[in-house]
Amino acid sequence: MELDFDVVDLDPVDHPDEGDTAPDFTRPLVNDEFWEDESLSSLCADSDRVVLVFHAMDGAFPATYIWNEIRDRAWHEQATVVGVSISTPYEHKQLLEERDIEGDYRLFSDPANGVAEQYDIDMDLDGMAGIEEPRPSVFVLDSDRTIEYAWVAQEWPDFPDYDDVEAQL
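Because the structure is a prediction, the values reported are computed rather than measured.

> I keep staring at the overall build of the chain and nothing clicks. Help me out?
The secondary structure content of the chain amounts to five helices and eleven strands. Taking 2.2 N^0.38 as the reference for a compact globule, 169 residues should give roughly 15 Å; the C-alpha atoms of the chain span a radius of gyration of 15 Å, in line with that estimate. Over its C-alpha atoms, taken along the principal directions, the chain stretches across nearly 40 × 35 × 30 Å. Residue pairs at least 24 apart in sequence account for 68% of intrachain contacts in the chain once pairs closer than 6 positions are excluded. Of the roughly 8,300 Å² of accessible surface on the chain, 40% is carried by carbon and sulfur atoms.

Right, here's the structure in full:
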């Protein structure tokens, strides 16, 4: 199957970078059984390392590719890995099930895209007036939310260098 789409250059952004403290937020965090409000700071405090993955809405091919690759590389064995997208908790539960990542990964639901705005990685969806989502991004954080690694897409679609992320883990 061949995908037909145009690559779009994205405007530069002033996202948090290595050495910065990642902005804290609280959103519904979805796992394989339920969801509840959780803060990023509490996740970091409970883990040596957190991988924060901003991705396209559930069901879009970039989200599928990213989560398949993360699953296949078993990042959950080296860090706490959580996603963030504009999808609802119901859609997240379906993504966890379809990608066979229940129990290993959790997803923050951010339908208003406020977390991406905090990180300055929000982008308009081409051809969809009034709809934004985060640009694909990966941040590796320590227990104090200090960013140890940052990758933010410069074009759409774009995917992280998974080997670079693994080297940081």
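> Help me out: how do you make sense of a negative patch on the surface in this one?
Together, Asp32, Glu33, Glu77, Glu97, Glu98, Asp100, Glu102 and Asp104 make up a region of like negative charge exposed at the surface. Note on placement: Glu102 falls in the loop between α3 (89–98) and β6 (106–109). Relative accessible area serves as the criterion here: at 33%, Glu102 is assigned to the partly exposed category.

> Which parts of the structure should I look at to understand the pairing of strand β4 (residues 49–54)?
Regular strands have side chains that alternate between both faces of the sheet. Counting buried residues in β4 gives five out of six residues, a clear majority hidden from the surface. Sheet topology places β4 next to strand β9 (residues 137–142); six bridges connect them, and they run antiparallel. Bridge pairing links Val51 to Val140 in β9. Of the strand pairs in this sheet, β4 and strand β5 (residues 80–85) are connected by five bridges, and their pairing is parallel.

> Sorry if this is basic, but what is going on with the nonpolar core here?
Side chains of a nonpolar character, in soluble globular proteins, are inclined to be buried together. Counting residues in hydrophobic clusters, the biggest one holds 23 residues, and the most contacted among them are Val51, Val53, Trp67, Ile70, Trp75, Val81 and Tyr105. Those elements that provide at least two residues to this core are β4, α2 (61–73), α3, β9, β10 (147–152) and α5 (162–168). The biggest single contributor to this core is α2, with three residues. Counting 21 residues, the second-largest nonpolar core is a separate cluster that includes Phe25, Leu43, Ile121 and Ile147.

> Help me understand the packing of aromatic side chains, please; the structure alone is not making it clear to me.
For any pair of aromatic rings, the description rests on two quantities: the centre-to-centre distance and the angle between the ring planes. Scanning all chains against the criterion turns up eleven aromatic pairs. With 6.0 Å between their ring centres and 85° between their planes, Phe54 and Phe139 make a pair best called edge-to-face. Here Phe54, found in strand β4, pairs with Phe139, found in strand β9; they are 85 residues apart in sequence, far enough to count as distant. There is no split in this pair, since Phe54 and Phe139 are both buried. An aromatic cluster is defined as three or more aromatic residues linked by ring pairs; in this entry it consists of Phe25, Phe54, Phe108, Tyr119 and Phe139.

> Explanation requested: the pattern of salt bridges in the structure shown.
Pairing is possible between side chains of opposite charge, provided their charged atoms come close. If you walk through the whole model with that rule in mind, you get six salt bridges. Within this structure, Glu69, Arg73, Asp163 and Glu166 form a network of salt bridges that share partners.

> Explanation requested: α3 in the structure shown.
An α-helix turns once every 3.6 residues. As a result, residues three or four positions apart point the same way. Those residues of α3 not exposed but buried are Pro89, His92, Leu95 and Leu96. For α3, the angular spread of the buried residues around the axis is 110°, confining them to a single face. Away from the buried face of α3 by more than 90 degrees, exposed residues Tyr90 and Glu97 are located. Buried positions along α3 lie against β2 (26–30), β3 (35–39), α2, β5 and β6. Backbone geometry just downstream of α3 places Asp100 in the positive-phi region, at approximately 55°.

Calculation criteria
Residues numbered from 1 in each chain as written. Predicted model: local features only at pLDDT ≥ 70, side-chain atom pairs only at ≥ 80, totals over all residues. Heavy atoms only, no water. Helix = DSSP H or I, 4+ residues; strand = E, 2+ residues; numbered from the N terminus. Rg over C-alpha atoms; globule rule 2.2 N^0.38 Å. Contact = heavy atoms within 4.5 Å. Areas by Shrake-Rupley, 256 points an atom, 1.4 Å probe, with all protein chains shown as cover. Patch = residues over 30% accessible without salt bridge, like charges linked within 9 Å, V, L, I, M, F, W, Y side chains within 5 Å. Salt bridge = Lys/Arg side-chain N within 4 Å of Asp/Glu carboxyl O. Lys, Arg positive; Asp, Glu negative; His and termini not counted. Charge placed at Lys NZ, Arg CZ, Asp CG, Glu CD. Buried < 20%, exposed > 50% of the residue type's maximum accessible area, 1.4 Å probe, protein only. Pairing = 2+ DSSP bridges. Core = buried A, V, L, I, M, F, W, Y, C linked by side-chain atoms within 4.5 Å. Phe/Tyr/Trp six-rings, centres within 6.5 Å; stacked < 30°, edge-to-face > 60°. Arc of directions from axis to C-beta.

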